[in-house]
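# Geometric and topological summary
So the chains spell out like this:
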Amino acid sequence: MLALRTTATPSPIWLLATLALGACSTLPPHEYPPFAEHHVQADFVVPADGRLSMPSSSRDLVLHELRSEPPPKSEQLGASGERWWLFPQGTQVQVHCRFRAYAGSDGRVPGPDLVLPGSIALREVPRP
């Protein structure tokens, strides 16, 4: 007599457990790198080329707010992620920025002076 050969189908629970186990190995670390939150106001005088360098959100910097008084006439983006706001030469601009900066590969958290370079005055704004 011939024996019948049957194939067992894995149970749905076994499949879910296998997927869950694989997902656990792809989770990011559970802690954030060191960071600092800032709410600053920076004053600038627009240089002869009419461009003010502005930050952009990145892996190490999260912008929550970025605005200026007066608003820029336009914006320019560079190939490597640079960002400039365009104004008439000599315009006095006040920039308001709220951001979170994370530590870089050197372990240091950049401060507002590195995030908003070239300002003539830079001050922390009290949090509401």
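Being a predicted model, the structure only gives us computed values, none of them experimental.

Helix and strand counts for the chain come out as 2 helices and 7 strands. In the chain, the succession of helices and strands from N to C terminus is α-β-β-β-β-β-β-α-β. Going through the 128 residues of the chain one by one, you find that 27% of them count as buried. Long-range pairs, those at least 24 residues apart, make up 72% of the contacts in the chain with a sequence separation of at least 6. Counting every atom, the chain has about 9300 Å² of accessible surface; 60% of that belongs to carbon and sulfur.

What follows covers unusual backbone geometry. Residues other than glycine predominantly adopt negative phi, and peptide bonds predominantly adopt the trans conformation. Residue Pro-70 is reached from Glu-69 by a cis peptide bond, and omega for that bond is -5°. Counting through the fold element by element, Pro-70 comes out in the loop between strand 3 (61-69) and strand 4 (74-77).

One finds Phe-44, Leu-52, Met-54, Val-93, Phe-99 and Leu-116 to be the most contacted residues of the largest nonpolar core, which totals 17 residues. For this core, the elements supplying multiple residues, two or more each, are strand 1 (35-45), strand 3 and strand 6 (92-102). It is strand 6 that provides the largest number of residues to this core, a total of 5 residues. Filtering out sequence-adjacent residues up to four positions away, Leu-116 remains in contact with Val-40, Ala-42, Phe-44, Met-54, Pro-55, Val-95, Cys-97 and Leu-122.

Right, let's talk about the sheet that holds strand 1 for a bit. As summarised here, the arrangement of the 4 strands in space is 3-6-1-7, forming an open sheet in which the pairing is antiparallel. Since the sheet does not close on itself, it has two edges, and those belong to strand 3 and strand 7 (121-124), each with one partner. Each neighbouring strand pair of the sheet contributes to a mean axis angle of 20°, computed without reference to strand direction. Bridge count for strand 1 against strand 6 is 11 bridges, and the pairing is antiparallel. Across the sheet, Val-45 pairs through a bridge with Gln-92, a residue of strand 6.

What counts and what doesn't
- Residues numbered from 1 in each chain as written.
- Predicted model: local features only at pLDDT ≥ 70, side-chain atom pairs only at ≥ 80, totals over all residues.
- Heavy atoms only, no water.
- Helix = DSSP H or I, 4+ residues; strand = E, 2+ residues; numbered from the N terminus.
- Buried < 20%, exposed > 50% of the residue type's maximum accessible area, 1.4 Å probe, protein only.
- Contact = heavy atoms within 4.5 Å.
- Areas by Shrake-Rupley, 256 points an atom, 1.4 Å probe, with all protein chains shown as cover.
- Core = buried A, V, L, I, M, F, W, Y, C linked by side-chain atoms within 4.5 Å.
- Pairing = 2+ DSSP bridges.
- Axes fitted to C-alpha atoms, helices over the stretch in contact; angles between N-to-C directions.

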